[in-house]
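Take a look at the letters that make up each chain.
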Amino acid sequence: MQQLTGQEFTRSILSQVEQGQLQPALATVTQRLDSEPDEPNMLRLKARILRELKRHDDARQVLEQTLQLHPDFFGAAEDLADMYFRDGSYAAAIPLLEKVLKHSPLNPHCWQILGEAHQALDNGDKADFCFSQQMVFSTNDKTLSEATRLFQQGRVPRAETITRQYLKQHPTDVNAIRLLAEIGLKVGALGDAENLLARCLELAPDFYLARLNYISVLSKRNRLDAALEQVTRVEHDQPNQPSTLLLKASVLAKLGRYEETIGIYEHLLSTFEPQAKIAMSYGHALKTVGDQNKAIAAYRQSIDLDSKLGEAYWSLANLKTFRFSEQDINTMKAIVEQEKLTRSELFHLCFALGKALEDLGEHDDAFAYYQRGNQIKRKVEGYDASEISRAVDRHIQLFQPGSPLTNTHRGIDSSDPIFITGLPRSGSTLLEQILASHSMVDGTKELPDIMSMAKRLGGKKRKHEHSEYPEVLLSLTREQTSALGQEYLDRTRNQRGSAPYFIDKMPNNFLHIGFIKTILPNAKIIDARRHPMSACFSGFKQLFAAGQSFSYSLDDIGRYYLDYHRLMNHWQQIYGDQIITVIYEQVVSDLDSEVRRILEYCGLPFEQNCLEFYNTDRAVRTASSEQVRQPIYRSGLEAWKPYRNHLQDLEKLIKPAIKDYPVRL
C-alpha cells in the first residue's frame, strides 16, 4: 500500500471505504500524511473518512486546515461548504460555494446547495437564480438550457413558448415540467404550477427541488395541510436537516401551530450553529404568542450574529412597546451611513430609527428617516395608485341598486365568518382581539383566501393582461356562488377552532365586499375606521411584512384612503345595516357601549371577557400584537400632530374624508 502513488492510492482507499473498512483506511491515510502532512488530496481524503465515521467536528477541522494551507483547493472548499450546509451554517457555506462556482460555474450540485442555503436564509431571489442555474447545467439539452436562460433574463413569454414546444416533443422531461411550473409561479398561475409540479413528482418522486417548489406553491395557495404532508415526506428522507426543519417551521406557523414552530427554532439554535435569520424568525414566533421578553432576547441574538440585519432592529421597533437605548440608536445611525448595505438592510434600519427617534420626541429627525425608508421601499414595490382607483370604479359601476348581483339571493347561508376590513393600523387587530375574547368566536389572522379566489376568478396570469373580475361575478350561477362560498369555508377551516364563528381580518377585503356578499350573503362585515390623518400617517410609519404597497408614499396612501372612503360609502348605500362601521376613537372613549354594539350586530350575547380582551391568551401576528395585550390607552390618538408641518399636502389631499369623519382631532 505504501508504494502506491497518486490516483492508485486514492482508489485503493476509496475501495476500503466502500467496503466499510473505515478504520484501516483512516490509519493508512494518517500514515501517508505523516510523511506528507500538507498534501491537500490526502487531507481531503482523511476528512471524507472522518465524515463516514460520523466524526464531523474532526472532519470539519481537517477541511478548514486544508483551506488555510491551500486556499484555492476547490474540492476541499466544496466539501467544507457541504458540511456547513448540513450543519445549518448557511452563512458560512455561501461564500465557499460562491468561490467554487466562480472557478467551476458548471457545477449543478453546488448551484443546488447554494440555492437551498439562500432559501433557508430567506433570500428568495438569489435562491431562484441558483436553482435556475442548477437546471441549466444539469441538462444536456441546449433548447431547455436556452429556455432557462431566457427565464433568468426576465424574458418570460419567450421562455414559456420554448418550454411548451419542447414538452410537446418530450412530455415526460421532469426538468422541463419543473421549469414550466416555475414560469407559472412567476406569472401568478399558481393552479397551473401546482398541477405541473404534481405531475413532475409522479414521474420523479425523488426530485427534491420539484418537491420544494411543490411545497412552496401549496403554501402560497393556503393548502397548508397538504404542504405540511409534503414537508413531512421530505423530513422522512432527510431527518434533522436544518433546511427541512426551517421549511416545516414556516408551514406550521402559517397553520397557527406556534408552540411546535417555537420548538423547531429552539432545536435549530441549540443543536446547530446559530444563524441570525433563524434567531429572528424565533423572535417573530415568540412575539406572536405574547412572550415579549424572549422575543427581545431572540432579536438581540440575531443582531449579535449579524450586526447589519436591519430587519432585526425593525422587529424590535415593531414591538411598539420596546424602547431603544442611546447606544442602539448610535449603532443604527453608524450602520446606515455605511456604503455596502442592501436596500432591504437600509430601509429596515431607517424605519427602526424613525420609531426610535419618535419615542425620544425628535420628530423632525424621525420623519427624515421614515421618509428615507419609504422612498427606498416604494422603489422596491413599484406601486401604481391608479390601479386601485380603476378597481374601485369597476366595483361601483357593477354593484348598483337593482342589479342582479345586489337583487338576487346567491351563495350559501352560512353566517360563520365575521370580516373586519379597513385600512391597516386602523384598529382592526383591537376589534379582532375583542371579538376573539368571546367564547363563540375564533380569532384567526389576516386570511388571504378572498383575495386569492378573486384573483383566480379574474383569470389574469400576467401583469399586462386584463382581469375579468369583478364583472365575471355576473355570469356565475347560484350553484357556482354557493360552491365558492363553501370553498371559502373549506379553505379557512384549518385556521379555526371549534367555535361557531370566526374572524377574517384582512383589511384589503373592503374591495371585495360585493364578492363576499355574493357568495356569503349572511356574513358579518365590520368596517374599522380611524381618523384619516391618523390612519394614513400610522400606515406611512409602518413597514409591513408583505403587501400594503400603497403605504410607502404620502400621496399614494392619501389616494388609497380616498378610494377606500368612496367605496365604503358605496357599500353602505348598497348593503345598509348589513355592514357596521366602528370608529376607533369611539371605541377608545366608550369601550363598553361600542363592544355591546358590535356584539349585538354579530348576534352574540354580551360577555365580560370582551371588555377585558387584553387578558385573552392567543396568537396575534400583526404590528399591534403587543398593544392589544394591554388595556386601551389614548396616547396614540393624535400621534400624527407633531408631524403636521410635514403632512400638509396629505391633509389637503384627504380633506373630503376628514370633513366626513364623525370625530374631530
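Below: a short report on this structure. (Residues numbered from 1 in each chain as written. Predicted model: local features only at pLDDT ≥ 70, side-chain atom pairs only at ≥ 80, totals over all residues. Heavy atoms only, no water.)

**As for the overall build of the chain**
Phase 1 of the analysis: In terms of regular secondary structure, the chain is built from 34 helices and 5 strands.
Phase 2 of the analysis: Taken over the C-alpha trace, the chain has a radius of gyration of 28 Å; the compact-globule value for 665 residues is 26 Å, and the two agree within 12%.
Phase 3 of the analysis: Overall size of the chain, expressed as C-alpha extent along the three principal axes, is 95 × 65 × 45 Å.
Phase 4 of the analysis: When burial is assessed residue by residue, the chain has 56% of its 665 residues classed as buried.
Phase 5 of the analysis: Across the chain, every contact between residues at least 6 apart in sequence was considered, and the portion connecting residues at least 24 apart equals 67%.
Phase 6 of the analysis: Summed over all atoms, the accessible surface of the chain reaches about 29200 Å², with 47% contributed by carbon and sulfur.
Phase 7 of the analysis: The centroid of the 80 positive side-chain charges in the chain is displaced by 4 Å from the centroid of its 86 negative side-chain charges. (Helix = DSSP H or I, 4+ residues; strand = E, 2+ residues; numbered from the N terminus. Rg over C-alpha atoms; globule rule 2.2 N^0.38 Å. Buried < 20%, exposed > 50% of the residue type's maximum accessible area, 1.4 Å probe, protein only. Contact = heavy atoms within 4.5 Å. Areas by Shrake-Rupley, 256 points an atom, 1.4 Å probe, with all protein chains shown as cover. Lys, Arg positive; Asp, Glu negative; His and termini not counted. Charge placed at Lys NZ, Arg CZ, Asp CG, Glu CD.)

**As for the packing of helix H16 (residues 258–271) against helix H17 (residues 276–288)**
The axes of two packed helices give the description: the angle between them and the distance between them.
Phase 1 of the analysis: At their nearest, the axes of H16 and H17 sit 9 Å apart, and the two run at 150° to each other. Regarding the angle of H16 to H17, the classification is roughly antiparallel. Seen along the crossing, H16 lies across H17 with a hand that is left-handed. Residues Tyr258, Thr261, Ile262, Tyr265, Glu266, Leu268 and Leu269 of H16 touch H17, and the partners they reach there are Ile278, Ala279, Ser281, Tyr282, Ala285, Leu286 and Thr288.
Phase 2 of the analysis: Tallied by class, residues from the contact of H16 with H17 come to 10 nonpolar, 3 polar and 1 charged. (Axes fitted to C-alpha atoms, helices over the stretch in contact; angles between N-to-C directions. Parallel < 35°, antiparallel > 145°, perpendicular 65-115°, else oblique. Left-handed = near helix turned anticlockwise from the far one by under 90°. Nonpolar A, V, L, I, M, F, W, Y, C, P; charged D, E, K, R; others polar.)

**Focus on the state of the cysteines**
Each disulfide consists of one covalent bond between the sulfur atoms belonging to two cysteines.
Phase 1 of the analysis: Considering all chains together, one arrives at 0 disulfides under this definition.
Phase 2 of the analysis: Residue Cys200 stays outside any disulfide, its sulfur separated by 19 Å from that of Cys130, the closest cysteine.
Phase 3 of the analysis: Note on Cys200: relative accessible area 0%, which makes it buried.
Phase 4 of the analysis: Cys602 carries a free sulfur, and the closest cysteine sulfur to it, the one in Cys610, is 9.7 Å from it.
Phase 5 of the analysis: A residue is classified by how much of its surface remains accessible, and Cys602, at 5% relative accessible area, is buried. (Disulfide = S-S within 2.5 Å.)

**Section: the packing of aromatic side chains**
Phase 1 of the analysis: Evaluation of the coordinates by the stated rule reveals 20 aromatic pairs.
Phase 2 of the analysis: Both rings, one in Trp314 and one in Phe351, keep their centres 5.8 Å apart while their planes meet at 65°; by these two values the pair is edge-to-face. One end of the pair, Trp314, is in helix H19 (residues 310–317); the other, Phe351, is in helix H21 (residues 343–359), with 37 residues separating them in the sequence. For the pair Trp314 and Phe351, a shared accessibility class is recorded, and that class is buried.
Phase 3 of the analysis: Pairing Phe510 with Tyr560 gives two aromatic rings, centres 5.8 Å apart and planes at 85°, and the pair type is edge-to-face. Of this pair, Phe510 sits in the loop between strand S3 (501–504) and helix H28 (513–519) while Tyr560 sits in helix H30 (residues 554–575), placing them 50 residues apart in sequence. Summarising the burial analysis for this pair, Phe510 and Tyr560 share the class buried.
Phase 4 of the analysis: Three or more aromatic residues joined by ring pairs form one cluster here, namely Phe510, Phe550, Tyr560, Tyr561 and Tyr564.
Phase 5 of the analysis: The ring of Tyr601 has Lys524 lying over it, and the distance from NZ or CZ to the ring centre is 5.5 Å.
Phase 6 of the analysis: Positioned over the ring face of Phe606 is Arg596, at 3.8 Å from the centre of the ring. (Phe/Tyr/Trp six-rings, centres within 6.5 Å; stacked < 30°, edge-to-face > 60°. Lys NZ or Arg CZ within 6 Å of the ring centre and 35° of its normal.)

**A closer look at the pattern of salt bridges**
Phase 1 of the analysis: Using the criterion set out here, one finds 34 salt bridges in the structure.
Phase 2 of the analysis: Between Glu194 and Arg221 there is a salt bridge, with its nearest N and O atoms 2.6 Å apart. Of the two residues, Glu194 is situated in helix H12 (residues 190–203) and Arg221 in the loop between helix H13 (208–220) and helix H14 (224–237); the sequence distance between them amounts to 27 residues.
Phase 3 of the analysis: In this structure Glu194 comes out as buried when scored by relative accessible area, which is 6%.
Phase 4 of the analysis: With a relative accessible area of 22%, Arg221 lands in the partly exposed category.
Phase 5 of the analysis: Ionic pairing is found between Asp449 and Arg491, a salt bridge with its closest N-O pair at 3.0 Å. One end of the pair, Asp449, is in helix H26 (residues 449–458); the other, Arg491, is in helix H27 (residues 478–492), with 42 residues separating them in the sequence. (Salt bridge = Lys/Arg side-chain N within 4 Å of Asp/Glu carboxyl O.)

**Some remarks on the pairing of strand S4 (residues 524–529)**
Phase 1 of the analysis: Most of S4 sits inside the fold, with 5 of its 6 residues counted as buried.
Phase 2 of the analysis: Two strands pair when backbone bridges link them, and strand S1 (residues 417–422) and S4 are joined in this way by 5 bridges, in the parallel orientation. Across the sheet, residue Phe419 finds its bridge partner in S4, namely Ile525. (Pairing = 2+ DSSP bridges.)

**Focus on the environment of Ser219**
Phase 1 of the analysis: Mapped onto the fold, Ser219 is located in helix H13.
Phase 2 of the analysis: On the basis of relative accessibility, which here comes to 11%, the residue Ser219 falls in the buried class.
Phase 3 of the analysis: Sequence-wise, Ser219 and Thr444 are 225 residues apart; in three dimensions their C-alpha atoms are separated by 17 Å.
Phase 4 of the analysis: Not counting residues within four places of it along the chain, the set of residues in contact with Ser219 comprises Leu224, Ala227 and Lys254.

**Notes on the side chain of Glu594**
Phase 1 of the analysis: With respect to the secondary-structure elements, Glu594 resides in helix H32 (residues 591–602).
Phase 2 of the analysis: The class of Glu594 is buried, set by a relative accessible area of 10%.
Phase 3 of the analysis: Contacts of Glu594, omitting those with residues within four sequence positions, involve Val582, Gln586 and Val587.

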